[in-house]
Structure formats: structure tokens, C-alpha cells
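# Architecture at a glance
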Amino acid sequence: MNGTLQIREHLLTELETGVRTGASLIRLIRPEDWAYRPQDNMRSLVELVHHFIQITASDLIIMQEKGEAEVGQVENRLSGNQDIEQLEKTLWSNFEAYKAYITSLSEEDFLNRSTKAFYAEHGHLQVQWQIETLTHVFHHRSQLYNYLKQQGHELNFFMLYA
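Residues numbered from 1 in each chain as written. Predicted model: local features only at pLDDT ≥ 70, side-chain atom pairs only at ≥ 80, totals over all residues. Heavy atoms only, no water.

### Topic: the overall build of the protein
Counted only if it meets this: The way it works is that DSSP assigns letters per residue, a run of H or I at least four long becomes a helix, a run of E at least two long becomes a strand, and they are numbered from the N terminus. Using C-alpha atoms as the atom set, the radius of gyration is obtained and then compared with a globule rule of 2.2 Å times the number of residues to the power 0.38. Buried residues are those whose accessible area, probed at 1.4 Å on protein chains only, stays under 20% of the maximum for their type, while exposed residues exceed 50% and partly exposed ones sit between those limits. Residue contacts are defined here by distance: any two heavy atoms, one from each residue, within 4.5 Å place the two residues in contact.
Each helix and strand in the protein was counted, giving six helices and two strands. In terms of overall dimensions, the protein is globule-like: its C-alpha atoms have a radius of gyration of 16 Å, near the 15 Å expected for 162 residues. Projected onto the principal axes, the alpha-carbon positions of the protein cover approximately 50 × 35 × 25 Å. Taken across its 162 residues, the protein has 45% of its residues classed as buried. Contacts spanning at least 24 positions in sequence make up 71% of the contacts within the protein whose residues lie at least 6 apart.

### Examining the nonpolar core
The cut-off we apply is this: By nonpolar core is meant a set of buried Ala, Val, Leu, Ile, Met, Phe, Trp, Tyr and Cys residues that side-chain atoms within 4.5 Å join together.
Judged by nonpolar contacts, the single largest core of 47 residues is most densely connected at Leu25, Ile26, Ile29, Leu45, Val49, Ile102 and Leu144. Residue assignment for this core shows that the elements contributing at least two residues are helix 1 (3–26), helix 2 (45–63), helix 3 (68–76), helix 4 (84–104) and helix 6 (126–150). The element contributing the most residues to this core is helix 2, with 12 residues.

### Concerning the packing of aromatic side chains
In this description, a pair of aromatic rings is defined by centroid distance and the angle of the planes. Selection rule: Planes of paired rings set the category: under 30 degrees apart is stacked, over 60 is edge-to-face and the rest tilted, where pairs are Phe, Tyr or Trp rings (Trp by its six-membered ring) whose centres lie within 6.5 Å. Working rule: Lys NZ or Arg CZ, within 6 Å of ring centre, within 35 degrees of ring normal, means a charge sits over the ring.
Across all of its chains, the model carries five aromatic pairs by this definition. Centroid distance Phe157 to Tyr161: 5.4 Å. Interplanar angle 50°. Geometry classified as tilted. Under the relative-accessibility criterion, Phe157 is labelled exposed at 51%. Joined through ring pairs, the aromatic side chains of Phe157, Phe158 and Tyr161 make up one cluster. The ring of Tyr161 carries the charged tip of Arg141 above its face, separated from the ring centre by 5.3 Å.

### Quick look at the side chain of His136
Mapped onto the elements of the fold, His136 is located in helix 6. Taking relative accessible area as the criterion, His136 reaches 15% and is therefore assigned buried. For His136, the residues in contact, after removing those within four places along its chain, are His51, Ile55 and Asp59.

### Description of the UniProt feature "domain: DinB-like" (unreviewed entry) in the protein
Short version of the rule: UniProt positions are given in the numbering used here, feature names are shortened, and annotations may be inferred rather than shown by experiment.
UniProt tags residues 25–144 as "domain: DinB-like" (unreviewed entry). Its end C-alpha atoms 7 Å apart, residues 25–144 is made of 63% helix and 3% strand.

### Considerations on the side chain of Asn81
Our working rule: Whenever a nitrogen or oxygen atom comes within 3.5 Å of another N or O atom, the pair is scored as a polar contact, on the condition that within protein one atom can donate a hydrogen and the other can accept it, and that pairs from neighbouring residues in sequence are kept only if both atoms are in side chains.
With respect to the helices and strands, Asn81 occurs in the loop between helix 3 and helix 4. For Asn81, a relative accessible area of 19% corresponds to the buried category. Reaching out from Asn81, the side chain makes a polar contact with the backbone nitrogen of Asp83 at a distance of 2.8 Å. Beyond its immediate stretch of four places on either side in the chain, Asn81 contacts Val46, His50, Gln86 and Leu87.

### Considerations on the UniProt feature "binding site: a divalent metal cation" (unreviewed entry) in the protein
Keep this limit in mind: Site definitions follow a grid-based scheme: protein atoms alone, a 1 Å grid, a 1.4 Å probe that fits but cannot get out for cavities, and for pockets an open set with protein on both sides within 12 Å along at least five of seven lines, plus lining residues having an atom within 4 Å of a point.
Under the local residue numbering, the UniProt record ascribes the feature "binding site: a divalent metal cation" (unreviewed entry) to His51, His136 and His140. For the annotated residues, spread through 90 residues, the largest C-alpha to C-alpha distance comes to 10.3 Å, consistent with a single compact locus. Of the annotated set named above, His51 line the largest pocket. Topologically, His51 is positioned in helix 2.

Written out as C-alpha cells, the structure is:
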């Protein structure tokens with residue numbers, strides 16, 4: 001395997017770490033935690049979890065140049081759902097679809113194919129989108145960790161990499 005494809009695989013491995021450890025955090029949520037909102041101008045825990053779960057799905061359709069309405073449908077697909085088992089299943093299904101797309105790209109497309117999000121003036125290369133998705137997942141996994149910590153859950157730093 002050449003260097004470009006190795007990097008793609010390393011990025012996917014890191015993304016899987018974010019998904020796996022995010023799933024372990026979601027499994028800790030108690031029924032009374034769902035409504036938690038640190039401040040009025042922030043997402044509630046349930047909104048954050050839904051967003052986290054849909055990152056790979058929404059980022060995938062954004063990088064495939066789908067429109068705002070289609071992205072909105074994906075982002076709202078989980079509305080009202082607090083079934084941890086179903087949420088985790090969706091998280092993994094979204095990740096697998098994202099991974100299938102990324103690994104289907106030729107090296108040429110991965111490095112040089114540019115697509116533009118509906119909200120952007122300029123496009124991004126597929127490799128740039130992969131990096132964006134990775135950072136997006138880790139950003140919201142960190143928020144999830146902090147929300148649970150603020151709700152009194154016994155958490156430690158090491159569980160983010162287990």
C-alpha cells in the first residue's frame with residue numbers, strides 16, 4: 001500500500017477510535033441526563049448526541065454536494081430518539097457508510113477531487129473533507145465527555161483512547 005492510502009487508513013482508524021469511544025460515552029447516559037443543557041445558548045445532551053451520531057452521515061452527504069434540505073433531513077432523522085441501543089447502531093451504520101465512500105475513492109480522487117458544500121464559496125479536496133470529519137467527531141466527543149462529567153459521571157481521560 002502506498003503512502004497516501006496508508007494515511008487514509010490511519011485517518012479512518014482514528015475516526016473509528018472517536019466513534020467507538022463516543023459510543024462508550026453514550027452508553028453511560030442515564031434517562032435523567034438527556035435534558036441537560038449547560039447554558040441556554042448550547043445544545044442539550046440529547047441534541048449533542050444526535051449531532052455526534054449524524055456527523056459521518058451529514059459530512060458524507062455534504063462532501064457529495066447534497067443540498068441544505070437533504071443535510072437537514074439527515075441531521076433531524078433522530079429527533080425524539082433516546083434509545084441508546086438504536087442510537088449506537090445508527091452511529092456505527094453511519095461510520096461504515098462513510099468509510100465505504102472514503103475507501104472507494106481512487107488515490108487520484110482522494111487527493112485531487114474537490115467538492116463544494118452548499119454553504120461554502122470554495123470546494124475542498126476529499127482528503128481535506130476526511131480531516132474535517134475527523135476533527136468534527138473529536139470536537140463533539142469532547143463536548144459529550146464534558147457534559148457527562150458535569151452531570152457527575154465518573155470519567156477518566158484514558159477511556160477516550162480505550
